[in-house]
Amino acid sequence: MCLVSLHGLAGHAGHAGHAGEWDAAAAHLAPHHRVVAVDQRGHGASERRPADVSRAAYVADVRAVCEQLGLHRPVLVGQSLGGHTAMLTAAAHPDLVRGLVLVEAGAAAADPGTPEEIGGWLDSWPLPFPSPAAARAFLTGEGLNGEAWAAGLEQRADGWHPRFEHSVMVAAISENSTRDWWPEWRRVRCPALLVIGEKGIIPPAESIRMLDSADPSTRMTAVSVPGSGHDVHLDRPGALHTLLSDFLATLL
């Protein structure tokens, strides 16, 4: 079975925003499945300053990856904004997607203040970092997974910088704060696993509403992971890996 893994937005709620966030999950699943982790536009090794950062553009990228790599009905696994992209892809292209795993991602609108909050937090970084170790120390002090963040930095002549543009990150999340996405969620027709962290940003009530409003013929499951924040795949990787394996087994 094929999986496409989609990371979250760099700078939002603490995640690093590059394909390497999924390395541990890929290593766990690779003996039995093909795993493709994508640096989404504006992140990692992908185009740094894309002209279009709409939700539709991110969906088009997922479809292009599947077509170019010949992935037949993959399972989309996404965290945060990556989960939102996975959901919209399944809604727009129901014949493309075998299943969905949405990690700390939902159909409600983002808080209107989210873009400004992300911009302000990124402005607070003491850039450039003199070393990856300094970056890890700063970011871990902010309560983040410093290893994942440091892995997404690049070295320049004056030090270490993030591999994304501040303005692109703010623009990429802005559309999510303009409306909710319940109509798209109701168009999903593949089995889905909704994973939230006990201390994450997706309220349990939102997951319950997603279960209640989903197409009644579609198998949906929601799980809360104890002790985890928004980055379930980094906070509690073992727990998520077990959930992924069990979910994939139901799709065989």
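Residues numbered from 1 in each chain as written. Predicted model: local features only at pLDDT ≥ 70, side-chain atom pairs only at ≥ 80, totals over all residues. Heavy atoms only, no water.

Caption draft 1: Quick look at the overall build of the protein. From N to C terminus, the protein includes 11 helices and 8 strands. Here the C-alpha radius of gyration of the protein, 17 Å, is about what a compact globule of 252 residues would show, namely 18 Å. Residues counted as buried form 55% of the 252 residues belonging to the protein. Restricting to contacts in the protein with at least 6 residues of sequence separation, those with at least 24 account for 75%. When the accessible area of the protein is evaluated, it comes to approximately 10,500 Å², of which 53% is carbon and sulfur surface. Both charge centroids of the protein, one from 19 positive and one from 28 negative side chains, sit 7 Å from each other. (Helix = DSSP H or I, 4+ residues; strand = E, 2+ residues; numbered from the N terminus. Rg over C-alpha atoms; globule rule 2.2 N^0.38 Å. Buried < 20%, exposed > 50% of the residue type's maximum accessible area, 1.4 Å probe, protein only. Contact = heavy atoms within 4.5 Å. Areas by Shrake-Rupley, 256 points an atom, 1.4 Å probe, with all protein chains shown as cover. Lys, Arg positive; Asp, Glu negative; His and termini not counted. Charge placed at Lys NZ, Arg CZ, Asp CG, Glu CD.)

Caption draft 2: Looking closely at helix α2 (residues 55–69). Between its first and last C-alpha atoms α2 spans 22 Å; for 15 residues at 1.5 Å apiece the expected length is 21 Å, and the two agree. R55, A57, Y58, V59, V62, V65 and C66 are the residues of α2 that are buried. Where α2 is buried, its residues contact β1 (2–6), β2 (34–38), β3 (75–79), α3 (81–92) and α7 (166–174). (Expected span 1.5 Å × (residues − 1).)

Caption draft 3: Representation of the packing of aromatic side chains in the model. By the definition in use, this model includes 4 aromatic pairs. When the ring of F129 is compared with that of F138, the centres are 5.8 Å apart and the planes differ by 45°; the resulting orientation is tilted. For F129, a relative accessible area of 2% translates into the label buried. Here the aromatic cluster, defined as three or more aromatic residues joined through ring pairs, consists of W121, W125, F129, F138 and F164. Here the basic side chain of R179 rests over the ring of W181, its NZ or CZ set 3.7 Å away from the ring centre. (Phe/Tyr/Trp six-rings, centres within 6.5 Å; stacked < 30°, edge-to-face > 60°. Lys NZ or Arg CZ within 6 Å of the ring centre and 35° of its normal.)

Caption draft 4: Spotlight on the packing of helix α4 (residues 114–123) against α7. Across the interface, α4 lies against α7 with an axial gap of 9 Å and an inter-helix angle of 160°. As far as their axial angle goes, α7 and α4 are roughly antiparallel. Between α4 and α7 lies a crossing whose hand is right-handed. Between α4 and α7, the residues in contact are T114, P115, I118, G119, L122 and D123 and H166, M169, V170, I173 and S174, respectively. (Axes fitted to C-alpha atoms, helices over the stretch in contact; angles between N-to-C directions. Parallel < 35°, antiparallel > 145°, perpendicular 65-115°, else oblique. Left-handed = near helix turned anticlockwise from the far one by under 90°.)

Caption draft 5: Focus on the environment of A239. Relative to the elements of secondary structure, A239 occurs in helix α11 (residues 237–249). The class for A239 is partly exposed, based on a relative accessible area of 23%.

Caption draft 6: Highlighting the nonpolar core. Counting residues in hydrophobic clusters, the biggest one holds 32 residues, and the most contacted among them are M87, L100, L102, W185 and V188. Mapped by element, the contributors of at least two residues to this core are β1, β2, α2, α3, β4 (99–103), α8 (182–186) and β7 (192–197). By residue number, the principal contributor to this core is α3, which donates 5 residues. If we skip the residues at most four places from it in the chain, W185 touches M87, L102, A107, A192, L194, M210, S213, A214 and M220. Counting residues in hydrophobic clusters, the runner-up holds 20 residues, among them V53, A135, W149 and A172. (Core = buried A, V, L, I, M, F, W, Y, C linked by side-chain atoms within 4.5 Å.)

Caption draft 7: The arrangement of unusual backbone geometry in detail. Cis peptide bonds are those with omega within 30 degrees of zero, and the linkage from L127 to P128 qualifies with -5°. In this structure, R73 takes a positive phi of about 45° despite not being glycine. Its location among the elements puts R73 in the loop between α2 and β3. Residue R73 is classed as partly exposed on the basis of its relative accessible area, which comes to 33%. Phi at E104 is positive, roughly 50°, even though this residue is not glycine. Its relative accessible area of 1% is what places E104 among the buried residues.

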